[in-house]
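Notes for the structure review
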Amino acid sequence: MLLLGVLLLSSSVSYPGFPLTEVPDEYRDLLHQGLLITFAINALAAASARGIAARKQQPVLFWMAKVLLFGGLALGELAQAVPEAPPPPKRAGRL
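Here the structure is a predicted model, which means the values were calculated and not measured. (Residues numbered from 1 in each chain as written. Predicted model: local features only at pLDDT ≥ 70, side-chain atom pairs only at ≥ 80, totals over all residues. Heavy atoms only, no water.)

Below, the discussion takes up the packing of aromatic side chains. Any pair of aromatic rings gets described here by the distance separating the centres and the angle formed by the planes. Taken as a whole and judged by the stated rule, the model has one aromatic pair. Between F62 and W63, the aromatic rings sit 5.4 Å apart at their centres with planes inclined by 75°, giving edge-to-face as the arrangement. Its relative accessible area of 4% is what places W63 among the buried residues. (Phe/Tyr/Trp six-rings, centres within 6.5 Å; stacked < 30°, edge-to-face > 60°. Buried < 20%, exposed > 50% of the residue type's maximum accessible area, 1.4 Å probe, protein only.)

Next up, the structure:
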């Protein structure tokens, strides 16, 4: 979270005399592109997490937000560490 804040600060704010914001325009554009690419990949991963979370009967919005923020780390946790939902119990019917 701290790194994301520093990247947003250094790529968006220009304040003379403050070392984090005295970034050349070429670097500033590269930071913007990198953040945009990362956001796009995380958005696709969050869309994928929606189906996995629904299949495992987990809170869908929570996992989508977590994957959007943390990316593949959270998607891997959802896919591998979260157990599958138990099957519904079978009811005995009359014949």
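How two helices sit against one another is set out by the angle between their axes and by the gap between those axes. Helix 4 (residues 72-81) packs onto helix 2 (residues 25-55) with a crossing angle of 20° between their chain directions and a minimal axis gap of 10 Å. With respect to helix 4, the axis of helix 2 lies roughly parallel. Classified by chirality, the crossing of helix 4 by helix 2 is left-handed. In contact with A45, S48, A49, I52 and A53 of helix 2, helix 4 contributes L75, L78 and A79. (Axes fitted to C-alpha atoms, helices over the stretch in contact; angles between N-to-C directions. Helix = DSSP H or I, 4+ residues; strand = E, 2+ residues; numbered from the N terminus. Parallel < 35°, antiparallel > 145°, perpendicular 65-115°, else oblique. Left-handed = near helix turned anticlockwise from the far one by under 90°. Contact = heavy atoms within 4.5 Å.)

So, about helix 2. Helix length check: helix 2 (31 residues) gives 45 Å between terminal C-alpha atoms against 45 Å at 1.5 Å per residue, within 8%. Buried within helix 2 are the following residues: R28, N42, A45, A46, A49, I52 and A53. Directly after helix 2, the chain includes Q57, whose backbone phi takes a positive value near 55°. (Expected span 1.5 Å × (residues − 1).)

The next thing to look at is a nonpolar patch on the surface. Taken together, M1, L4, L8, L69, F70 and L73 make up a surface patch of nonpolar side chains, about 640 Å² in accessible area. In this fold, L69 is placed in helix 3 (residues 60-70). Judged by relative accessible area, L69 falls into the partly exposed class, the value being 41%. (Patch = residues over 30% accessible without salt bridge, like charges linked within 9 Å, V, L, I, M, F, W, Y side chains within 5 Å. Areas by Shrake-Rupley, 256 points an atom, 1.4 Å probe, with all protein chains shown as cover. Salt bridge = Lys/Arg side-chain N within 4 Å of Asp/Glu carboxyl O.)

Core analysis: the biggest nonpolar cluster contains 11 residues, these being A45, A46, A49, I52, A53, W63, V67, A74, L75, L78 and V82. Among the elements of the structure, helix 2, helix 3 and helix 4 are those that each provide at least two residues to this core. For this core, the leading source of residues is helix 2, giving five residues. (Core = buried A, V, L, I, M, F, W, Y, C linked by side-chain atoms within 4.5 Å.)

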